[in-house]
Amino acid sequence: MNESEGDAVTRRLPELTTRAPEDFALRVLRRVGISEDHYDTYVRLDTAAGGLFVAASARAVTGAGLDSAGLTATGFEELHRARTGRSAIPGGRPLSGVVPALRTGRAHRLPIDLTGLPERQRAVLEAVRGIPAGQLRPLSWIAREAGTEVPPSASEVLRALAANPVAVLIPCHRVTHDNGSPCDAAYLPKSGAALRRAEQIDMRRVAELSRAGTVFLGSDTTNIYCHPTCAHARRITPAHRVHFRTAQDAREAGYRACKSCRPITV
């Protein structure tokens, strides 16, 4: 090959270089017969708050992280391995049920593996999973729903939320302080706000109720009181709404706690 021919090949190198497919490493592992029991796969999916890396085994989601705070694919892989001891390999399809769960906000039945987390942290995160899409619950509700023999303190709940290893799919954006303001311990504020907007949670109305001292809303036609964002509370027409500061006020007025949203009753 003479000099001019060599220069021509050099100029064409970018054209001759083929980028490996995203699931190349996954294909190699499968080709050499390494069992999926030894690694997880992950994909990047779109959410209202930006890209979400979602890792899963063959049976359950094992981790998820938003890239809105600057998390890269490499960073997600490193965090996942440090927490689970398993490698996260890019490529493959999302675990069945993940895409519908992100689209609808209904991830309560999605299998999520929280193995390795302390029992009390798992209890807090499982309680958070029980908050329906489009609704909010305060820290005190989470502490009660955690179901541990000694309920976690507000600071313990906040620490568990901040360490949430499965962002969005465990919906920490649905948790508020007891005054109704979002705590967003697991997200940047703009991420939590985007996720709540996508679920059509009216934070302006929540703030208005909080400023007025309304913690619970009752219906004078059913004599039932709820959290303000409960699906039943949203159906109460203005003429029939009764505002309560405490559960005791509601009980003394002859109202019963909603069996759906299970407001604090003690």
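In what follows, the structure referred to is the one given above.
Computed from a predicted model, the values in this text were never measured in an experiment. (Residues numbered from 1 in each chain as written. Predicted model: local features only at pLDDT ≥ 70, side-chain atom pairs only at ≥ 80, totals over all residues. Heavy atoms only, no water.)

Asker: What should I look at first to understand the packing of aromatic side chains in this one?
Answerer: Ring pairs (aromatic) are described by centroid distance and by the angle formed between their planes. The tally for this structure, following the rule as stated, stands at five aromatic pairs. Ring geometry for Y42 against F76: centres 5.5 Å apart, planes inclined by 65°, an arrangement best described as edge-to-face. Here Y42 is found in strand β1 (residues 39–47), whereas its partner F76 is found in helix α3 (residues 73–84), with 34 residues between them in sequence. Like Y42, the residue F76 is buried in the burial classification. Joined through ring pairs, the aromatic side chains of Y42, F53 and F76 make up one cluster. The ring of W141 carries the charged tip of R137 above its face, separated from the ring centre by 5.3 Å. (Phe/Tyr/Trp six-rings, centres within 6.5 Å; stacked < 30°, edge-to-face > 60°. Helix = DSSP H or I, 4+ residues; strand = E, 2+ residues; numbered from the N terminus. Buried < 20%, exposed > 50% of the residue type's maximum accessible area, 1.4 Å probe, protein only. Lys NZ or Arg CZ within 6 Å of the ring centre and 35° of its normal.)

Asker: So what exactly am I meant to see when it comes to the nonpolar core here?
Answerer: Nonpolar side chains in soluble globular proteins tend to be buried together. If you look at the biggest cluster of nonpolar residues, it comprises 40 residues, and the most contacted ones within it are V61, I142, L161 and L169. Of all the elements in the fold, those that place two or more residues in this core are β1, β2 (50–56), β3 (61–66), α4 (98–104), α5 (119–129), α6 (139–145), α7 (154–162) and α8 (189–198). Residues contacting V61, with those up to four places away along its chain left out, are V54, A55, A56, L95, V98, L110, P111, I112, D113, V166 and L169. (Core = buried A, V, L, I, M, F, W, Y, C linked by side-chain atoms within 4.5 Å. Contact = heavy atoms within 4.5 Å.)

Asker: Sorry, what's going on with the state of the cysteines here?
Answerer: Joining two cysteines, a disulfide is a covalent bond between their sulfur atoms. One pass over the full model with this rule turns up zero disulfides. A disulfide-free cysteine, C172 has its sulfur positioned 7.5 Å from the sulfur of C183, the nearest such atom. By relative accessible area, which is 1% here, C172 ends up buried. (Disulfide = S-S within 2.5 Å.)

So, to be careful, I would describe these as geometric facts and stop short of saying anything about function.
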